[in-house]
Amino acid sequence: MSIAVTGATGQLGRLVVEALITRGTAPSEIVAVVRDSAKAGALSARGVQVRVADYDAPETLTTAFAGVDKLLLISGNAVGQRVPQHTAVINAAKAAGVGFLAYTSLLRADTSTLGLGPEHKATEELIAASGIPFALLRNGWYIENYTGNLAGDIEHGAIYGASGEGRIAAATRGDYAEAAAAVLISGETGVFELGGTTPFTKGELAAAIAQQSGKPVEYRNLSVADFQAALVGAGLPEAFAGLLADTDGKVVDGELDTDSTDLQRLISRPSTPLDDAIATELKG
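Residues numbered from 1 in each chain as written. Predicted model: local features only at pLDDT ≥ 70, side-chain atom pairs only at ≥ 80, totals over all residues. Heavy atoms only, no water.

**Digging into unusual backbone geometry**
One non-glycine residue with positive phi stands out, namely Arg 108, at about 50°. If you trace the backbone, Arg 108 turns up in the loop between β5 (100–106) and α5 (117–130). Relative accessible area serves as the criterion here: at 24%, Arg 108 is assigned to the partly exposed category. Backbone geometry places Ser 268, a non-glycine residue, at a positive phi of 60°. Relative to the helices and strands, Ser 268 is located in the loop between α12 (262–267) and α13 (274–283). The exposed category is assigned to Ser 268, whose relative accessible area is 68%. (Helix = DSSP H or I, 4+ residues; strand = E, 2+ residues; numbered from the N terminus. Buried < 20%, exposed > 50% of the residue type's maximum accessible area, 1.4 Å probe, protein only.)

If you want it as structure tokens, here you go:
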């Protein structure tokens, strides 16, 4: 049984490969699909098959998927280009005779009002129309989206946002990777709404950072427009800053919250607690 993971050297992909091995998949049965083989040396050293392919080079994909039984399509990071990229992957999977396709989507992608939603929804529709048995892994927000700049947050004594008292059912990349590995191994089809066990507000996030660091950190709530301006001021491109600010503002509407227990069922445990995720990040 051959399992392929696209974006296998990325932040999520490498964790999925690790989770597959931890759950008993032989490295030789794993195909790591990567754009740059130079970054996959550690995978090769473990006995994982490494194949080079690019979402933007469809001719490379069918070859990369040859002999693959199950495939995880990790959504591309080129927002605005995902639909043609994902179409190329889906078409190549069908041409290669892949028997099962899993996709890392967005929480409630079919009804989401987030700016990130339309590309995920379109991809889900393409997968459903492909005729390949599939699993839609609708990942909620990553805790790492908030812990990636802890040093700066602690230095400034504040985190910013536009989410008010809205709750976020976030989990770690490791949690989502374990869920993906479980589905790939089992071949369970369906739609999985994946979110953290204990949702939190940005205010609770700030309090947790303060507790774990021993430094004062508060949450400062802004309007969506002011938050976007702050992100631009921090060096983000305006379009991307707008997307993040819009997402944060819609937390108030529950767009990043869920009471689904799909994640916990798949990984057979609660998701990683926020305090533990912060402590791990602080330790480096």
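Alright, that's what it looks like, and here's the rest.
**Concerning the sheet that holds strand β4 (residues 70–73)**
Hydrogen bonds along the backbone pair up the strands of a sheet, which may run parallel or antiparallel. With parallel pairing, the seven strands of this open sheet are ordered in space as β3-β2-β1-β4-β5-β6-β8. Every other strand in the sheet has two partners, leaving β3 (49–52) and β8 (190–194) as the edge strands with one partner each. For this sheet, the mean angle separating the axes of adjacent strands, direction not counted, is 20°. Where strand β6 (residues 134–139) and β8 come together, five bridges link them in parallel fashion. The residue of β8 that forms the bridge with Leu 137 is Phe 192. Those strands touched by helix α4 (residues 82–96) are β4 and β5, and its axis lies near 180° from that of β4. (Pairing = 2+ DSSP bridges. Axes fitted to C-alpha atoms, helices over the stretch in contact; angles between N-to-C directions. Contact = heavy atoms within 4.5 Å.)

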